[in-house]
Amino acid sequence: MPSNSEAVLKRLANEALIIRRNVWRAFHAAGSGHIGGSSSAADLLAALYFHYLKLRPDEPDWPERDRFVLSKGHANGALAAVLAQAGFFPDSHLDDFYGYQTMMGMHPDIKLAGVEMCTGALGHGLSVGIGMALGARLMKRDSRTVVMIGDGQLQEGSNWEAAMAAAHLKLSNLTAIIDFNKVQQSGHVHDVLGLEPLADKWRAFGWTVRELDGHDMAEIVAALDALPYAPDAPSLMIAHTVKGKGVNFAEDTYLWHQNMIDDETYQKALDELGEPV
């Protein structure tokens, strides 16, 4: 079946809906959480884990696997949701999110199956992703590395050092995805510290760039299927997304970068998201 067929796209959209519902589920169990950036990344994660990445959930340390690094580690609710959905661990663990002595914390922990890097301190994921991609090249493996970066995170200078290094090393097996939801913890990105012209900056650093709607599954799948965009350069996907996507009261506002979630709010969110097929 073609990867862009209607059936495939509907299946992936349904996976994204389940991720969003489980993000709210996990953070409701915790009492609070980083809803906004977890929800904006759901469609991208669904396409990565259920279409693109070469993984073995029953063998998480398989040497030939692709690597995914969630550099925007505060969106761990979405990563935990998709890992559970993919079969790395039972989804009942989501009900222990932020729980005492669990591995389901605010940021990813490599003790949890499927997590490649402890992230949370912003700005480090791309540098480590370079090491993974370079290691695969040196060991002559065809595994690929994908790093998801938040837009506010790009205000950390270490990202740009890594961008230079990746292009210098011609890491065509490395892809970065910017979850460009345009809202960070304290306001809109362009008000805090603007990033534009974002695509031109990355091209100037030696990357091949593709911009897309990060909630249009057809565009996401097409962008992933086209990787790498050049045979001798790293690839960048700038995914235009909506903070808090799927729940009207949480969309496009820094108030839902992180917030408290009581029973009433949780039910309102589930009602808006609707039931998966």
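Residues take numbers from 1 onward in each chain, read along the sequence in its written order. Only residues with pLDDT of at least 70 are given local features in this predicted model, and only at 80 or more are side-chain atom pairs given and counted; all residues enter the totals for whole chains, interfaces and linings. As a convention, hydrogens and water are excluded, and side-chain values are obtained from all of the structure's heavy atoms.

1. Re the layout of surface pockets
Reported here for the largest pocket is a volume of approximately 290 Å³. In the lining of the largest pocket, the residues fall into three nonpolar, 13 polar and four charged. Buriedness for pockets is judged along seven lines, at least five of which must meet protein on both sides within 12 Å for an open set on the 1 Å grid over protein atoms alone, while cavities are sets there where a 1.4 Å probe fits but cannot get out, and lining residues have an atom within 4 Å of a point. Grid points are joined across faces, edges and corners, and a volume is the space filled by probe spheres set on the points. Polar here means any residue other than Ala, Val, Leu, Ile, Met, Phe, Trp, Tyr, Cys and Pro, which are nonpolar, and Asp, Glu, Lys and Arg, which are charged; Gly is therefore polar.

2. Thoughts on helix 3 (residues 42-52)
Three exposure classes are used, based on accessible area relative to the maximum for each residue type with a 1.4 Å probe and protein chains only: buried under 20%, partly exposed in between, and exposed over 50%. Each helix corresponds to a stretch of at least 4 residues labelled H or I by DSSP, and each strand to a stretch of at least 2 residues labelled E; elements are numbered beginning at the N terminus. Among the 11 residues that make up helix 3, 10 are buried, leaving the element largely enclosed by the rest of the structure. All buried positions along helix 3 are accounted for by Ala42, Asp43, Leu44, Leu45, Ala46, Ala47, Leu48, Tyr49, Phe50 and Tyr52.

3. With respect to the packing of helix 3 against helix 4 (residues 76-86)
Axis lines are fitted through C-alpha atoms, for helices just across the contact stretch, and the angle between N-to-C directions can take any value from 0 to 180 degrees. Viewed as axis vectors pointing N to C, helix 3 and helix 4 meet at an angle of 30°, and their least axial separation amounts to 10 Å. Taken together, the axes of helix 3 and helix 4 lie roughly parallel to each other. Considering the relative orientation of helix 3 and helix 4, their crossing is right-handed. Of the residues in helix 4, those in contact with Leu45, Tyr49 and Phe50 of helix 3 are Ala78, Leu79, Val82, Leu83, Gln85 and Ala86. For the contact of helix 3 with helix 4, a count of residues per class yields eight nonpolar, one polar and no charged. Each angle is binned into one of four classes, with values under 35 degrees roughly parallel, values over 145 roughly antiparallel, values of 65 to 115 roughly perpendicular, and all other values oblique. Each helix crossing is assigned a hand: it is left-handed if the near helix lies turned anticlockwise from the far helix by less than a right angle, otherwise right-handed if that turn is clockwise. Note on definitions: a residue-residue contact is assigned when non-hydrogen atoms from the two residues lie within 4.5 Å.

4. A few points about unusual backbone geometry
Cis geometry is found at the peptide bond from Glu196 to Pro197, where omega equals 0°. Going from Leu227 to Pro228, the amide bond is cis rather than trans, its omega being -10°. Along the chain, Pro228 turns up in the loop between helix 9 (217-225) and strand 8 (235-240). For Lys182, which is not a glycine, the phi torsion comes out positive at approximately 70°. Structurally, Lys182 can be placed in the loop between strand 4 (174-180) and strand 5 (183-184). Despite not being glycine, Asp252 shows a phi value in the positive range, around 55°. As for its placement among the helices and strands, Asp252 is situated in the loop between strand 8 and strand 9 (259-260).

5. Section: the nonpolar core
Generally speaking, a soluble globular protein has its nonpolar side chains buried in company with each other. Side-chain atoms within 4.5 Å link the members of a nonpolar core, which is a set of buried Ala, Val, Leu, Ile, Met, Phe, Trp, Tyr and Cys residues. One finds Trp24, Leu45, Leu48, Tyr49, Phe68 and Met217 to be the most contacted residues of the largest nonpolar core, which totals 59 residues. Counting only elements with at least two residues in this core, the list comes to helix 1 (6-30), helix 3, strand 2 (67-70), helix 4, strand 3 (145-150), helix 9, strand 8 and helix 10 (263-273). Considering each element in turn, this core owes the most residues, 10 residues, to helix 1. Within the second largest apolar cluster, 28 residues are counted, among which are Met117, Ala167, Val189 and Trp207.

6. With respect to the side chain of Thr253
Position of Thr253 relative to the elements: it lies in the loop between strand 8 and strand 9. Thr253 sits in the buried class, given a relative accessible area of 15%. Whenever two N or O atoms come within 3.5 Å, that pair is a polar contact, provided that in protein one can donate a hydrogen and the other can accept it, and provided that, for residues adjacent in sequence, both atoms are side-chain atoms. Of note is the side chain of Thr253, whose polar atom sits 3.1 Å from the backbone nitrogen of Leu255. Discounting residues that sit within four places of it in the chain, Thr253 has contacts with Val183 and Lys243.

7. Points about empty space enclosed by the protein
All chains considered together, the criterion is met by three cavities of 30 Å³ or more. Considered as a void within the structure, the largest cavity measures approximately 60 Å³ in volume. The wall of the largest cavity is formed by Tyr49, Leu53, Leu55, Pro60, Arg65, Asp66, Arg67, Phe68, Phe88, Gly114 and Glu116. Split by residue class, the lining of the largest cavity holds six nonpolar, one polar and four charged.

8. Remarks on the packing of aromatic side chains
Pairing of aromatic rings covers Phe, Tyr and the six-membered ring of Trp, with a centre-to-centre limit of 6.5 Å; geometry is then stacked below 30 degrees between planes, edge-to-face above 60, and tilted otherwise. Under the definition given, this model contains 10 aromatic pairs. Note on Trp160 and Trp202: the rings are 5.1 Å apart at their centroids and 45° apart in plane angle, and the pair reads as tilted. With a gap of 42 residues between them, Trp160 in helix 6 (residues 158-168) and Trp202 in helix 8 (residues 198-204) connect regions that are remote in the sequence. Taken individually, Trp160 and Trp202 each receive the classification buried, so the pair is uniform in this respect. Among the aromatic residues, those joined into a cluster by ring pairs are Trp160, Trp202, Phe205 and Trp207. The lysine or arginine in question, Arg56, covers the ring of Trp62, its NZ or CZ lying 3.9 Å from the ring centre. A ring is considered to have a charge above it if a Lys NZ or an Arg CZ atom is located within 6 Å of its centre and within 35 degrees of its normal.

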